[in-house]
Amino acid sequence: AQKVTQAQTEISVVEKEDVTLDCVYETRDTTYYLFWYKQPPSGELVFLIRRNSFDEQNEISGRYSWNFQKSTSSFNFTITASQVVDSAVYFCALSDYYGQNFVFGPGTRLSVLP
Amino acid sequence: NAGVTQTPKFRILKIGQSMTLQCAQDMNHNYMYWYRQDPGMGLKLIYYSVGAGITDKGEVPNGYNVSRSTTEDFPLRLELAAPSQTSVYFCASETGAGVPYGYTFGSGTRLTVV
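This is a predicted model, so every value here is computed, not measured.

## Thoughts on the state of the cysteines
Following the criterion strictly, the structure yields 2 disulfides over all chains and no others. Between A:Cys23 and A:Cys92 runs a disulfide, and the two sulfur atoms are separated by 2.0 Å. Here A:Cys23 and A:Cys92 share a disulfide; its torsion about the S-S bond, -65 degrees, makes the bridge left-handed. Of the two residues, A:Cys23 sits in the loop between β3 (19-21) and β4 (24-26) while A:Cys92 sits in strand β10 (residues 88-96), which places them 69 residues apart along the sequence. One exposure class covers both A:Cys23 and A:Cys92, and it is buried. Here B:Cys23 is linked by a disulfide to B:Cys91, with a sulfur-sulfur distance of 1.9 Å. Taking the torsion about the sulfur-sulfur bond, which here is approximately -70 degrees, the covalent link between B:Cys23 and B:Cys91 counts as left-handed. In this pair, B:Cys23 sits in strand β3 (residues 19-25) while B:Cys91 sits in strand β9 (residues 87-94), placing the two residues 68 residues apart along the sequence. Each of the two residues, B:Cys23 as well as B:Cys91, counts as buried.

Shown next as structure tokens:
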């Protein structure tokens, strides 16, 4: 069975600090996909990134970066120089190759204080 | 391009009433899903569909029914509403035509049962 663990329930940082959100997953599949979603206080769910299991290159998008390490089954998300607008709940998710078996982690609530 | 449209956005039901939450997508996606998100919690899968005429139960299907007569629409029916069904309901779709790109979510329906 697939499983996603986000051990950090809540994190608080002061603006401009860097913060890393942890995601650990379990799967028996050799091909799978990992995702991060953001849920701001307004409630909608926003897609941030998709990564397939064959691509272990780190990815950077502005202040956001993702570190995928297959050896430790982790897909961590770092926000550099955090801003108040980054305050949200962040969900990590895992999908099989076909996208049918989609599992979300419990989420990490990030509060960025001014 | 509307994406995934959910109606209504808010609803208050009395115990024992029934209602249908509507979900429509215009992206010709094969896969559609219904999730519920209880306050401060993660997403739990209620039902999903991999194509017109095909539906299957998720983690928490009791008290709900779905149908998928067309590719575009995936309504969720609540029969005999109970306070435990107070939640935010999200509909999502995924292409289902090969590798997963990540869900497209609707904006959610906030349901309160009193």
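## Considering the environment of B:Ala92
Residue and element names in this part refer to chain B. Along the chain, Ala92 turns up in strand β9. Residue class for Ala92 comes out buried when judged on its relative accessible area of 0%. In this structure, the C-alpha to C-alpha distance between Ala92 and Leu45, residues 47 residues apart in sequence, is 10 Å. For Ala92, the residues in contact, after removing those within four places along its chain, are Tyr31, Met32, Tyr33, Tyr103, Thr104 and Phe105.

## Things to note about the sheet that holds strand β8 (residues 76-78) of chain B
Residue and element names in this part refer to chain B. Spatially, the 4 strands line up as an open sheet ordered β1-β3-β8-β7, and their pairing is antiparallel. Looking at strand neighbours, the two that pair on one side only are β1 (4-7) and β7 (64-66), the edges of this open sheet. Recorded for the sheet is a direction-independent mean angle of 20 degrees between the axes of neighbouring strands. Two strands pair when backbone bridges link them, and β3 and β8 are joined in this way by 3 bridges, in the antiparallel orientation.

## Re unusual backbone geometry
In this structure, B:Pro8 follows B:Thr7 across a cis peptide bond, with omega equal to -5 degrees. Tracing the chain through its elements places B:Pro8 in the loop between β1 and β2 (10-13). Unusually for a residue other than glycine, A:Lys16 sits at a positive phi of about 85 degrees. When you line up the elements, A:Lys16 lands in the loop between β2 (10-14) and β3. Look at A:Ala81: it is not a glycine, yet its phi comes out positive at around 50 degrees. Turning to its location among the elements, A:Ala81 is positioned in the loop between β9 (74-79) and β10. On the basis of relative accessibility, which here comes to 30%, the residue A:Ala81 falls in the partly exposed class.

Rules used in this analysis
- Residues numbered from 1 in each chain as written.
- Chains lettered and ligands numbered in written order.
- Predicted model: local features only at pLDDT ≥ 70, side-chain atom pairs only at ≥ 80, totals over all residues.
- Heavy atoms only, no water.
- Disulfide = S-S within 2.5 Å.
- Helix = DSSP H or I, 4+ residues; strand = E, 2+ residues; numbered from the N terminus.
- Buried < 20%, exposed > 50% of the residue type's maximum accessible area, 1.4 Å probe, protein only.
- Contact = heavy atoms within 4.5 Å.
- Pairing = 2+ DSSP bridges.
- Axes fitted to C-alpha atoms, helices over the stretch in contact; angles between N-to-C directions.

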